[in-house]
Amino acid sequence: MDYEPVIGLEIHVQIKTRTKMFTAAPYAYGAAPNTLTDAVVLGLPGTLPVLNHTAIEKCAQLGLMLQCEIAEVCKWDRKNYFYPDSPKNYQLTQNEQPLCIGGKVEIELPGPSRNVEGEHRWVTLNRIHLEEDPGKLTHESFETVIDFNRAGVPLAEIVTEPDLYSSTEAVSFLNALRQLIVYAGISDCDMEKGQMRCDANVSLRPKGTDTLGTRTEMKNLNSISNVRAAIEYEIRRQTEILEDGGSILQETRRWDAAKSESFSLRSKEEAHDYRYFPDPDLMPVLFPRERVTELGAELPERPLDRQRRYQKDFELPYTLTSVLCPERELCEFFEAALLEHSAPKAIANYIANDLLRELAEASEHGQSALSISQCPLTPAHIASLVRVIDEGVISKQIGKEVFSEMFRTGNMPEVIIEEKGLKQSNDSGEIEALCQAAIAGNAKAVAQYKEGNAKALNALKGPVMKATKGKANPAMLDQVLRKLIDEG
Amino acid sequence: MTEKPHIDIDYVANLARIDLSGEEKAKLGTQLNDILGYFEKLNAVDVEGVEPMAHAHQIDNVWRTDDEPGPTYGPEVLTEMSPESRDNQVVVPKVVE
């Protein structure tokens, strides 16, 4: 029998605020252990939690980015469990009435090759709720050590419906989700820093049926490649069990990235019984509709909407939009340049190719590429460069040289062209004389050209470009050569 | 509603991670069942037309709006309270295999 996997994801995202969800203790990744706590974080007797309004508004914005309905009323529950990552033996979360309801995310599946746009589809969400991050446990050989710095950090849990059908779709979903969240400035989603973490629920069903099989939950997926590998491993594992006539045990499994396998978490907790009940210390949140509208108006255009707009309005090819659109800063740089000189394709090309290459090369060896915010160039630099090329002041070829110089010095192209004397030569007398010399010096190329090999002309252009240090106007050069040969 | 409330004292004690003697189980079991009995009384009240409330007080939107970091504890506040610690982290028995 052929089986089809059905996957649902739960993604935890740390919301970028200065202070924690229920107290003013700050959070920063990488701080010395247990230096970012206070009485509320440690759950000391007599303390009371107070909501972080910024976190609530940012979570509502996350919901709007993901096309959720924002609840008019939401409230807080205690999830009771004993585990050393929680100092109070319960987690404050939203069980019954979450802040964001439903939602959907547009994803792009990989195309037949990197340069070809893939199929798009929508993935349905169930909800997003706000909760507090637990502390961080480190399991050593014989002991577990606890750092409560992370405890209490605002955490949004995004829950999808079982609406993903392969590891590839799950990866596409996570990439789309990360782009949306980073775009809106809600989180940096750095999985290495634990800002985004993923649990995957996987089940199999006979192909063509729409029942759901028994699922297992995979925890500890802290990179996109782990998500892919863990889901593929679980599909193989379940397929083997079912093909042998066995049945799947509903359980939580832990992914071990080093061994590339998952193992069952021996669970003495029986069926989880978290005994949720409304938290008596926190009051409900009423979300006024006009505030939802205001928060929505602050949000940027979604990356795939922007991509469609660029393709339609500017006729940019996918090879350019797929580089620009995933990064909001690149798009804003591009749009700012467009305001100065309306040549979308050439500007997009300079940003997607030359600028990103220079940024990558400018970074320290082994470091990641510089970001656009560290770029020595402004949108005006790129716009001016494209303008002087369009106006015939310099050739495209010289443009490359000016670009590198611009990146190195931060000077505007006009200054560089002036200083280095790079202005294109439109002196038809000089070009004609050089062309005649080139024709006289390469009878073979002339003969080939006359036989219909248009490319042979390049052999004649070379010496002229060399003599003018690349400054001969290419269009004029081409025209003069053809005229001289045809007339000769 | 006619069914008499019953609490599984062994299950509840296990969830709360407490060991109870037979005598304690009998005593606490009865007390907890009595408490559940009060809820039965509440259930009997006619609440037709009354809006459900999330809290006994009708207050909402109590929050901090400034997101300004406040004071923090040094690690010793925590480690002095814990039975065992090392390098400013709390040490507990290993919780996964």
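Quantities reported herein were computed from a predicted structural model and do not represent experimental measurements.

## Comments concerning unusual backbone geometry
One non-glycine residue with positive phi stands out, namely A:Asn34, at about 55°. When you line up the elements, A:Asn34 lands in the loop between β1 (3-14) and β2 (51-52). For A:Asn34, a relative accessible area of 0% corresponds to the buried category. Positive phi, close to 65°, is recorded for B:Asn88, a residue that is not glycine. Within the secondary structure, B:Asn88 sits in the loop between β2 (85-86) and β3 (89-93). Accessibility expressed as a relative area gives 38% for B:Asn88, which makes it partly exposed.

## Remarks on the domain arrangement of chain A
Parsing chain A into structural domains produces domain 1 (3-293), domain 2 (301-420) and domain 3 (428-487). Each of domain 1 of chain A and domain 3 of chain A was reduced to a C-alpha centroid, and the two centroids are 66 Å apart.

## Digging into the sheet that holds strand β10 (residues 136-139) of chain A
Backbone hydrogen bonds are what pair the strands of a sheet, in a parallel or an antiparallel way. The strand order across the open sheet formed by four strands is β10(A)-β11(A)-β3(B)-β2(B), and the pairing between neighbours is antiparallel. Looking at which strands have only one partner, the edges of the open sheet turn out to be β10 of chain A together with β2 of chain B. Of the pairings in the sheet, the one linking strand β11 (residues 143-147) of chain A to β3(B) comprises four bridges and is antiparallel in character. Among the inter-strand pairings, A:Ile146 is bridged to a residue of β3(B), identified as B:Val90.

## Quick word on the interface of chain B and chain A
Taken together, the contact between chain B and chain A spans 38 residues of the former and 54 residues of the latter. A combined buried area of about 4,100 Å² lies between chain B and chain A, and 57% of that area is made up of carbon and sulfur atoms. When residues of chain B are sorted by the area they lose upon contact with chain A, B:Arg64, B:Asp67 and B:Tyr73 head the list and together hold 18% of the total. The interface formed by chain B and chain A includes three salt bridges. Across the pair A:Arg18 and B:Glu68 runs a salt bridge, and its minimum N-O distance is 2.9 Å. Taken together, the connections running from chain B to chain A amount to 23 residue pairs in polar contact (both at pLDDT 80 or more). For the side of chain B that touches chain A, the secondary-structure elements that each account for two or more residues are α1 (9-15), β1 (63-64), α3 (75-81) and β3 of chain B. The biggest single contributor to the side of chain B that touches chain A is β3(B), with five residues. When its residues are assigned to classes, the side of chain B that touches chain A shows 19 nonpolar, nine polar and ten charged.

What counts as what
- Residues numbered from 1 in each chain as written.
- Chains lettered and ligands numbered in written order.
- Predicted model: local features only at pLDDT ≥ 70, side-chain atom pairs only at ≥ 80, totals over all residues.
- Heavy atoms only, no water.
- Helix = DSSP H or I, 4+ residues; strand = E, 2+ residues; numbered from the N terminus.
- Buried < 20%, exposed > 50% of the residue type's maximum accessible area, 1.4 Å probe, protein only.
- Domains from an automatic or database assignment.
- Pairing = 2+ DSSP bridges.
- Contact = heavy atoms within 4.5 Å.
- Buried area = accessible area lost by both parts, 1.4 Å probe.
- Salt bridge = Lys/Arg side-chain N within 4 Å of Asp/Glu carboxyl O.
- Polar contact = N/O pair within 3.5 Å; in protein donor to acceptor, adjacent residues only side chain to side chain.
- Nonpolar A, V, L, I, M, F, W, Y, C, P; charged D, E, K, R; others polar.

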